[in-house]
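# Descriptive structure summary
Now for the letters of each chain:
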Amino acid sequence: MNNFVKLGSKGSLDVGEDKPVSEIRKKNLAVFVSGGGSNFRSIYEASLNGSVQGDIAVLVTNKPECGGAEFAREKGIPVLICPKLKDEKEGLSAEDLVVTLRSYSIHFILLAGYLKLIPVELIRAFPKSILNIHPSLLPSFGGKGYYGMKVHKAVVASGARYSGATIHFVDEQYDTGRILAQRVVPVLAFDTPEELAARVLHEEHKLYVEVVSALCEDRIIWRDDGVPLIKSKKTLLIIPSRLTLHSVSLHYLL
Ligand SMILES: Nc1nc2c(c(=O)[nH]1)N[C@@H](CN(C=O)c1ccc(C(=O)N[C@@H](CCC(=O)O)C(=O)O)cc1)CN2
Ligand SMILES: NCC(=O)N[C@@H]1O[C@H](COP(=O)([O-])[O-])[C@@H](O)[C@H]1O
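Labelled according to an unreviewed UniProt entry, the chain appears under the name Phosphoribosylglycinamide formyltransferase, chloroplastic, originating from Dorcoceras hygrometricum. Comment text from UniProt for the chain, heading Subcellular location (unreviewed entry), reads "Plastid, Chloroplast".

See the structure below:
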């Protein structure tokens, strides 16, 4: 079957072949956290119930005592410390982290509340394979200094009527990588930053599981202009052509 679909001036799009989930080999995932790890726990639960065709092979954190690290230890998931903290014996350098992640045969890296800059060594070792979730509609309210409650305080103070969650590929700067998916959340008139944070976090949990599910099922498509898209589980596109009518319609997550 020809996998390429002509999209007029936008060029072509390789829609790829859909494999049945039963034929997909599970992917090995590394999750990076610095805090409570509720997104990490959502992905972990989804990997257990089959929503995500992946296994969390290792957790990486810069905060060995954080909630996410505690949860990982309870579940028997190895915990790695990075970056190497000053005057601390524990901790991996960027180069050592790459070697260690290779030893776990990691396919994808998922940042979930990790508050340190991912080094270029890791980005080059895992091209188009590192995702981050951010609690605003990037590019608004992103970049250095925008993390956790700082984001929601800035959104409320700005008078913005909408916020949301963004999942993007990670590049060498904070929050400038290609956006893969977003969900919009209303900002209510008298929202506190904490109320907004809770509303956004609820959407984050659902969105990250949907995106990681697509990632593990090889349903990420790269448009000619470099924008990544997520193919829904069922693809059917109707392309009127001179000789035959191919019936396939492409549905994408936002
Ligand atoms: N190379 C990349 N690394 C990271 C990215 C990224 O997009 N590219 N995303 C961040 C996550 N993040 C927003 O989504 C983010 C995290 C932290 C900061 C920040 O300003 N951090 C402070 C230090 C905070 C601390 O140590 O407590 C800082 O660098 O001064 C901004 C955005 C993860 N890594
Ligand atoms: N800029 C990065 C950033 O602010 N990330 C945010 O940290 C929180 C982590 O919560 P969790 O530890 O409960 O998943 C999440 O809201 C995530 O979007």
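## Here we look at the packing of aromatic side chains
Evaluated as defined, the whole model comprises four aromatic pairs. Centroid distance Tyr44 to Phe71: 5.3 Å. Interplanar angle 85 degrees. Geometry classified as edge-to-face. Here Tyr44, found in helix 1 (residues 38-49), pairs with Phe71, found in helix 2 (residues 67-74); they are 27 residues apart in sequence, far enough to count as distant. Take Tyr44 and Phe71: they sit in the same class, and that class is buried.

## Re a negative patch on the surface
The grouping of Glu65, Asp87, Glu88 and Glu90 at the surface amounts to a negative patch. Its location among the elements puts Glu65 in the loop between strand 4 (54-61) and helix 2.

## Regarding the site of ligand 2
Looking at ligand 2, there are 13 residues lining it, with Gly37, Ser38, Asn39, Gly148 and Glu204 nearest. For ligand 2, an oxygen atom lies 2.5 Å from a polar atom in the side chain of Ser38. Between ligand 2 and Pro135, the relevant distance is 3.5 Å, taken from an oxygen atom to a main-chain nitrogen or oxygen of the residue. At the level of elements, helix 1, strand 7 (130-134) and helix 6 (193-216) are the ones that each hand at least two residues to the shell around ligand 2. Each residue belonging to the shell around ligand 2 can be placed in one class, and the counts come to five nonpolar, seven polar and one charged.

## Focus: helix 2
Within the sequence span of helix 2, burial applies to Gly68, Ala69, Phe71 and Ala72. Buried residues of helix 2, viewed axially, fall in a sector of 160 degrees; they line one side. Next to the buried residues of helix 2 lie strand 3 (27-33), helix 1, strand 4 and strand 5 (79-81).

## A closer look at the site of ligand 1
Asn132, Gly145, Asp171, Tyr174 and Asp175 are the nearest of the 22 residues found near ligand 1. At 2.7 Å, a side-chain N or O of Asn132 approaches an oxygen atom of ligand 1. In this structure, Asp175 approaches ligand 1 through a main-chain N or O atom, which is 2.8 Å from an oxygen atom. Computed on the free molecule, ligand 1 has an accessible area of 710 Å², of which 86% lies beneath the protein chains in the complex. When residues in the shell around ligand 1 are grouped by element, the largest group, three residues, is from strand 7. Classifying every residue of the shell around ligand 1 by side-chain character gives eleven nonpolar, six polar and five charged.

## A closer look at the packing of helix 5 (residues 149-158) against helix 6
At their nearest, the axes of helix 5 and helix 6 sit 9 Å apart, and the two run at 115 degrees to each other. With respect to their mutual orientation, helix 5 and helix 6 come out roughly perpendicular. Crossing angle aside, the handedness with which helix 5 passes helix 6 is right-handed. The segment helix 5 lies against helix 6, with Met149, His152, Lys153, Val155 and Val156 engaging Pro193, Glu194, Leu196, Ala197 and Val200. Residues that form the contact of helix 5 with helix 6 fall into these classes: seven nonpolar, one polar and two charged.

Reading guide: rules and limits
- Residues numbered from 1 in each chain as written.
- Chains lettered and ligands numbered in written order.
- Predicted model: local features only at pLDDT ≥ 70, side-chain atom pairs only at ≥ 80, totals over all residues.
- Heavy atoms only, no water.
- UniProt positions renumbered as here; feature names shortened; annotations may be inferred.
- Phe/Tyr/Trp six-rings, centres within 6.5 Å; stacked < 30°, edge-to-face > 60°.
- Helix = DSSP H or I, 4+ residues; strand = E, 2+ residues; numbered from the N terminus.
- Buried < 20%, exposed > 50% of the residue type's maximum accessible area, 1.4 Å probe, protein only.
- Patch = residues over 30% accessible without salt bridge, like charges linked within 9 Å, V, L, I, M, F, W, Y side chains within 5 Å.
- Areas by Shrake-Rupley, 256 points an atom, 1.4 Å probe, with all protein chains shown as cover.
- Salt bridge = Lys/Arg side-chain N within 4 Å of Asp/Glu carboxyl O.
- Lys, Arg positive; Asp, Glu negative; His and termini not counted.
- Charge placed at Lys NZ, Arg CZ, Asp CG, Glu CD.
- Near = heavy atom within 4 Å.
- Polar contact = N/O pair within 3.5 Å; in protein donor to acceptor, adjacent residues only side chain to side chain.
- Nonpolar A, V, L, I, M, F, W, Y, C, P; charged D, E, K, R; others polar.
- Arc of directions from axis to C-beta.
- Contact = heavy atoms within 4.5 Å.
- Axes fitted to C-alpha atoms, helices over the stretch in contact; angles between N-to-C directions.
- Parallel < 35°, antiparallel > 145°, perpendicular 65-115°, else oblique.
- Left-handed = near helix turned anticlockwise from the far one by under 90°.

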